[in-house]
Amino acid sequence: MNNSKTVQERNVSKGILAGFIATLVLSALMIMKTMMGVMPELDVIAMLSGMLGVSSTTAWMVHLAIGTLGYGITIALLARSIPGSAVVTGLILGTAGWLVMMVVMMPMAGKGLFGMSIGIMAPMMTLVLHLIFGGVLGWVYGRTTKQLHVNHDATAARGTGH
């Protein structure tokens, strides 16, 4: 098997791990926001549930899948093409996701462009959450792939080729 393909496959699994961890962090922040009663009208899971016509449990699973698989695979595929660290790539992806949420999802949920029917805090809060998500995504991906490259380089130096 081609070593570069093997490394790419490993990078995708590291991306999925990074996406999962970043989604757990984001989900915890979303739950804390709800428990504190901050902006109850900004309930992303309820919006997703309504748009998809599914239960909130299913909406949480969709949220987890988007963060884990969607963003995880995307960072693995784009990290080497975007200049800068993996954290920069994660922040770019988080910002891109925020823009999609603001111009596609919010209007679809009846909240207006950038969620402005909720108020100015909607785009501000969601941007901060997406930046935290992107930062965690990139940081975890960078840490795991750095270790992967160190291990791969050490194996190659020994001449075992695995």
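Structural data are supplied above this passage.
All values derive from a computational prediction rather than experimental measurement. Counting from 1, residues in each chain are numbered in the order their sequence is written. Whole-chain, interface and lining totals are the exception, using all residues; otherwise, since this is a predicted model, local features are given only for residues with pLDDT of at least 70 and side-chain atom pairs are given and counted only at 80 or more. Each side-chain value is derived from all of the structure's non-hydrogen atoms; neither hydrogens nor water enter the calculation.

## Comments concerning the overall build of the chain
Going by this rule: Helix and strand definitions follow DSSP, with helices as H or I runs of at least four residues and strands as E runs of at least two, each counted in order from the N terminus. Here's how the labels work: a residue is buried when its accessible area is under 20% of the maximum for its type, exposed when over 50%, partly exposed in between, all with a 1.4 Å probe on protein chains only. Throughout, a contact is declared for two residues whenever any of their heavy atoms are within 4.5 Å. Using a 1.4 Å probe, the Shrake-Rupley method yields the accessible areas, and only the shown protein chains count as cover for residues.
Helix and strand counts for the chain stand at 5 helices and 0 strands. Counting from the amino terminus, helix and strand elements in the chain follow one another as α-α-α-α-α. Considering the chain as a whole, with its 162 residues, one finds that 36% of them fall into the buried category. For the chain, contacts bridging at least 24 residues in sequence account for 71% of all contacts bridging at least 6. Split by element, the accessible area of the chain, about 8700 Å² in all, is 71% carbon and sulfur.

## Description of the layout of surface pockets
As a reminder of what qualifies: The definitions used throughout rest on a 1 Å grid laid over the protein atoms alone, on which a cavity is an enclosed set of points accommodating a 1.4 Å probe that cannot get out and a pocket is an open set flanked by protein within 12 Å on both sides along at least five of seven lines; lining residues are those having an atom within 4 Å of a point. Grid points are joined across faces, edges and corners, and a volume is the space filled by probe spheres set on the points.
Each pocket or cavity is described by its volume, and for the largest pocket that value is around 620 Å³. Together, 31 residues line the largest pocket, and Leu26, Val44, His63, Met101 and His130 are the ones closest to its centre. Counting residues per element, the ones that place at least two in the lining of the largest pocket are α1 (3-35), α2 (44-52), α3 (56-78), α4 (86-108) and α5 (121-158). With 7 residues, α4 is the single largest residue contributor to the lining of the largest pocket.

## Things to note about the side chain of Thr89
Mapped onto the elements of the fold, Thr89 is located in helix α4. Exposure remark for Thr89: the relative accessible area of 0% places this residue in the buried category. Excluding residues that lie within four positions of it along the chain, Thr89 makes contacts with Ile75, Leu78, Ala79 and Ile82.

## Side note on unusual backbone geometry
Most peptide bonds take the trans configuration, and most residues that are not glycine carry a negative phi. If you check the backbone angles, Met39 has positive phi at about 45 degrees while not being a glycine. As for its position among the elements, Met39 is in the loop between α1 and α2. One non-glycine residue with positive phi stands out, namely Phe114, at about 60 degrees. Looking at where Phe114 falls in the secondary structure, it is placed in the loop between α4 and α5. Relative accessible area serves as the criterion here: at 26%, Phe114 is assigned to the partly exposed category.

## Some words on the packing of aromatic side chains
Each pair of aromatic rings is reported with the distance of its centres and the angle of its planes. Short version of the rule: What counts as a ring pair is set by centres within 6.5 Å for rings of Phe, Tyr and Trp (its six-membered ring), and what kind of pair is set by the plane angle: stacked under 30 degrees, edge-to-face over 60, tilted for all other angles.
All chains considered together, the criterion is met by 2 aromatic pairs. Aromatic pair Tyr71 and Phe133: ring centres 4.9 Å apart, planes at 75 degrees, arrangement edge-to-face. Residue Tyr71 is located in helix α3, and its partner Phe133 is located in helix α5; the two are separated by 62 residues in the primary sequence. As far as burial versus exposure is concerned, Tyr71 and Phe133 are alike and both buried. Note on Trp98 and Phe114: the rings are 5.7 Å apart at their centroids and 65 degrees apart in plane angle, and the pair reads as edge-to-face. On the criterion of sequence distance, the pair formed by Trp98 in helix α4 and Phe114 in the loop between α4 and α5 is long-range, its members being 16 residues apart.

## Section: the packing of α2 against α3
To keep it simple, the criterion reads: Axis geometry follows a simple rule: fit a line to the C-alpha atoms, using only the stretch in contact for helices, then measure angles between N-to-C directions, giving values from 0 to 180 degrees. An angle below 35 degrees is treated as roughly parallel, one above 145 as roughly antiparallel, one from 65 to 115 as roughly perpendicular, and anything else as oblique. Asp, Glu, Lys and Arg are counted as charged, while Ala, Val, Leu, Ile, Met, Phe, Trp, Tyr, Cys and Pro are counted as nonpolar; the rest, among them Gly, fall into the polar class.
The geometry of α2 relative to α3 is characterised by a closest axis approach of 8 Å and an angle of 105 degrees between their N-to-C directions. The angle between α2 and α3 places the two elements in the roughly perpendicular class. For the pair α2 and α3, contact is made by Ile45, Leu48, Ser49 and Leu52 and by Ser56, Ala59, Trp60, Val62 and His63, respectively. Residues that form the contact of α2 with α3 fall into these classes: 6 nonpolar, 3 polar and no charged.

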